[in-house]
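Okay, here's what each chain looks like letter by letter:
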Amino acid sequence: MGKAKIMGSAKASRRKARKKASLIQARRKKEFLYRGYNMKELLTMSFDEVLGLMPARSRRTYVRGLNYEQQILFDNIKNAENGKVVRTHVRSIPVVPQFVGKTVSIYNGKEFKDIEIKSEMIGHFIGEFVGTRKLPVHNGPGVGATRSSKFMPLK
């Protein structure tokens, strides 16, 4: 028993070796796949092939045709340089692989919010990433509150 404490148990030495090995290995970032395809493959596919991979609601938006405002926004985002921000009120256009890496400023009803489009956003509408409602913040009882609810303990 005394010897095991001095030398350390086999289990402890294995644990120490595992810990040392895990520190050496750097964590690799997992490559993004959309329905089994990476970004390079998605960008080389034709637009119709990409639409076939997208969810039904997003696919239907493009198959039936974009309206005038959506078409202008689609062209502006697709042709924008990476540093340029495209401002818009249109929230109802699905993200396609050509949009990835672009920055879009979307109106939430009060102000414009900048969103950088990432590969995980493909198939979602751009309006989903900017909320239109704010949670209410309550700070204390208001005018007309009952006497019992006005009681606030002193700090």
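Within each chain, residues carry numbers counting from 1 in the order of the written sequence. Where local features are concerned, this predicted model is filtered to residues with pLDDT of at least 70; where side-chain atom pairs are given and counted, the filter is 80 or more; whole-chain, interface and lining totals use all residues. Computation of side-chain values covers all heavy atoms of the structure but excludes hydrogens and water.

A. Geometry of the sheet that holds strand E3 (residues 112-116). A pair of strands counts as paired when DSSP detects no fewer than two bridges linking them. Here a helix means four or more residues in a row that DSSP labels H or I, a strand means two or more in a row labelled E, and each is numbered from the N terminus. Reading across the sheet, the 3 strands line up as E1-E2-E3 and stay open at both edges, with mixed pairing between neighbours. Both edges of this open sheet fall to strand E1 (85-88) and E3, since each of them pairs with a single strand only. Neighbour-to-neighbour, the strand axes of this sheet turn through a mean angle of 25°, independent of strand direction. As defined by bridge partners, strand E2 (residues 103-107) adjoins E3 across 5 bridges and the pair is classed as antiparallel. Bridging across to E3, Ser105 finds its partner in Asp114. The convention used is that axes are lines fitted to C-alpha atoms, helices contributing only their stretch in contact, and that angles between N-to-C directions extend from 0 to 180 degrees.

B. The arrangement of helix H5 (residues 56-63) in detail. Those residues of H5 not exposed but buried are Ser58, Thr61 and Tyr62. Looking straight down H5, one finds that the buried residues subtend no more than 90° of arc, so they occupy a single side. Summarising the geometry of H5, the exposed residues directed more than 90 degrees from the buried face are Arg57 and Val63. The criterion used for residue contact is that any of the two residues' heavy atoms lie within 4.5 Å. Packed against the buried residues of H5 are helix H4 (47-53) and helix H6 (68-79). The classification of residues rests on relative accessible area computed with a 1.4 Å probe and restricted to protein chains. Under 20% of the type maximum is buried, over 50% is exposed, and intermediate values are partly exposed. Think of it as the arc spanned by the lines of direction from the helix axis to the C-beta atoms.

C. Expanded view of the packing of aromatic side chains. Between 30 and 60 degrees the pair is tilted, below 30 it is stacked and above 60 it is edge-to-face, where a pair is any two Phe, Tyr or Trp rings, Trp via its six-membered ring, whose centres lie within 6.5 Å. What the rule picks out here adds up to 5 aromatic pairs. Both rings, one in Phe47 and one in Tyr62, keep their centres 5.4 Å apart while their planes meet at 90°; by these two values the pair is edge-to-face. With a gap of 15 residues between them, Phe47 in helix H4 and Tyr62 in helix H5 connect regions that are remote in the sequence. Note on Phe74 and Phe99: the rings are 5.5 Å apart at their centroids and 55° apart in plane angle, and the pair reads as tilted. With Phe74 in helix H6 and Phe99 in the loop between E1 and E2, this residue pair connects regions lying 25 residues apart in the sequence. Just as Phe74 is buried, Phe99 falls in that class too. Members of the aromatic cluster, connected to one another through ring pairs, are Phe47, Tyr62, Phe74 and Phe99. Sitting above the plane of the Phe112 ring, Arg87 keeps its charged end 3.8 Å from the centroid. In this scheme, Lys NZ or Arg CZ marks a charge over a ring once it lies within 6 Å of the ring centre and within 35 degrees of the ring normal.

D. The arrangement of the side chain of Ser119 in detail. Along the chain, Ser119 falls in the loop between E3 and helix H7 (147-150). Taking the relative accessible area as the measure of exposure, Ser119 reaches 13% and is therefore buried.

E. Structural view of the nonpolar core. Membership of the largest hydrophobic core comes to 28 residues, with the highest contact counts inside it found for Tyr62 and Phe99. Within the residue set of this core, elements represented by two or more residues are helix H3 (39-44), H4, H6 and E2. Residue contacts for Tyr62: discarding those within four places in its chain leaves Phe47, Leu51, Met54, Phe74, Ile93, Pro94, Val96 and Phe99. Note on terminology: a nonpolar core comprises buried Ala, Val, Leu, Ile, Met, Phe, Trp, Tyr and Cys residues joined through side-chain atoms within 4.5 Å.

F. Just the pattern of salt bridges, in detail. What counts as a salt bridge is simple: a side-chain nitrogen of Lys or Arg found within 4 Å of a carboxyl oxygen of Asp or Glu. For the structure on display, the rule yields 1 salt bridge. Among the salt bridges present, the one from Lys113 reaches Glu111, with a minimum N-O distance of 3.2 Å. Overall, Lys113 belongs to the partly exposed group, its relative accessible area being 35%.

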